[in-house]
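# Descriptive analysis of the structure
Given next are the chains, with one letter for each unit.
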Amino acid sequence: YLVRQRDAGLRIVAVEQSSSSVSLVDYRFPRDCVLVLGNEREGVPAGVLQLVDDCVEIPQFGQIRSLNVHVTGSIILWEARRQRILGERAASVQ
């Protein structure tokens, strides 16, 4: 599925803490992308991580090491939508 989506021009974005992940604060979501969320204990499987274009992580402070997948999905979807709203507003002003 992910390979077909990439071949169709979408960028594959996983939410995972890794050495190559970009903070959600700094990441700019592409217009067309597929979001990949892992399970709550193991995260995104290694085989799937090999297929992604970008890894994004939600900054966390203190002892927390992970968030529930539904919380993670909500945060990521809101940020992607927020960026799109801001982009649409900027385009309508021009």
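Definitions and limits used
Residues numbered from 1 in each chain as written. Predicted model: local features only at pLDDT ≥ 70, side-chain atom pairs only at ≥ 80, totals over all residues. Heavy atoms only, no water. Helix = DSSP H or I, 4+ residues; strand = E, 2+ residues; numbered from the N terminus. Buried < 20%, exposed > 50% of the residue type's maximum accessible area, 1.4 Å probe, protein only. Contact = heavy atoms within 4.5 Å. Areas by Shrake-Rupley, 256 points an atom, 1.4 Å probe, with all protein chains shown as cover. Lys, Arg positive; Asp, Glu negative; His and termini not counted. Charge placed at Lys NZ, Arg CZ, Asp CG, Glu CD. Polar contact = N/O pair within 3.5 Å; in protein donor to acceptor, adjacent residues only side chain to side chain. Pairing = 2+ DSSP bridges. Core = buried A, V, L, I, M, F, W, Y, C linked by side-chain atoms within 4.5 Å.

### A closer look at the overall build of the protein
On a plain count of helices and strands, the protein comes out with three helices and four strands. Each helix and strand of the protein, ordered N terminal to C terminal, gives the series α-β-β-β-α-β-α. On the principal axes, the C-alpha backbone points of the protein span a range of 45 × 35 × 20 Å. Expressed as a percentage of the 94 residues in the protein, the buried residues total 29%. Long-range pairs, those at least 24 residues apart, make up 69% of the contacts in the protein with a sequence separation of at least 6. Accessible surface computed for the protein: about 6,600 Å², of which carbon and sulfur atoms make up 52%. Treating the 11 positive side-chain charges of the protein as one cloud and the 11 negative ones as another, the clouds have centres 5 Å apart.

### Looking at the environment of Asn39
With respect to the secondary-structure elements, Asn39 resides in the loop between strand S3 (33-37) and helix H2 (46-49). Residue Asn39 is classed as partly exposed on the basis of its relative accessible area of 45%. In this structure, the C-alpha to C-alpha distance between Asn39 and Thr72, residues 33 residues apart in sequence, is 11 Å. From its side chain, Asn39 meets the backbone nitrogen of Glu42 in a polar contact 2.6 Å long.

### Considering the pairing of S3
Burial of S3 is one-sided: the residues Val34 and Val36 facing one way are buried, the residues Cys33, Leu35 and Leu37 facing the other way are not. Of the pairings in the sheet, the one linking strand S1 (residues 11-15) to S3 comprises five bridges and is parallel in character. What sits directly across from Ile12, in S3, is Val34.

### Quick notes on the nonpolar core
If you look at the biggest cluster of nonpolar residues, it comprises nine residues: Val13, Val15, Leu24, Tyr27, Phe29, Val56, Ile58, Ile76 and Ala80. When contributions to this core are tallied by element, the ones reaching two or more residues are S1 and helix H3 (69-93). With residues near it in sequence (within four places) discarded, Ile76 still touches Val15, Leu24, Phe29, Leu35, Val56 and Ile58. Counting eight residues, the second-largest nonpolar core is a separate cluster that includes Ile12, Val34, Val36 and Cys55.

### With respect to the side chain of Thr72
Relative to the helices and strands, Thr72 resides in helix H3. Judged by its relative accessible area of 11%, Thr72 is buried. Excluding its chain neighbours within four sequence positions, the residues that come into contact with Thr72 are Val15, Leu37, Ile58 and Leu67.

### What to know about the side chain of Glu79
Here Glu79 is to be found in helix H3. A distance of 2.7 Å separates polar atoms of two side chains, one belonging to Glu79 and the other to Arg82.

Any link to function would need more than the numbers given here.
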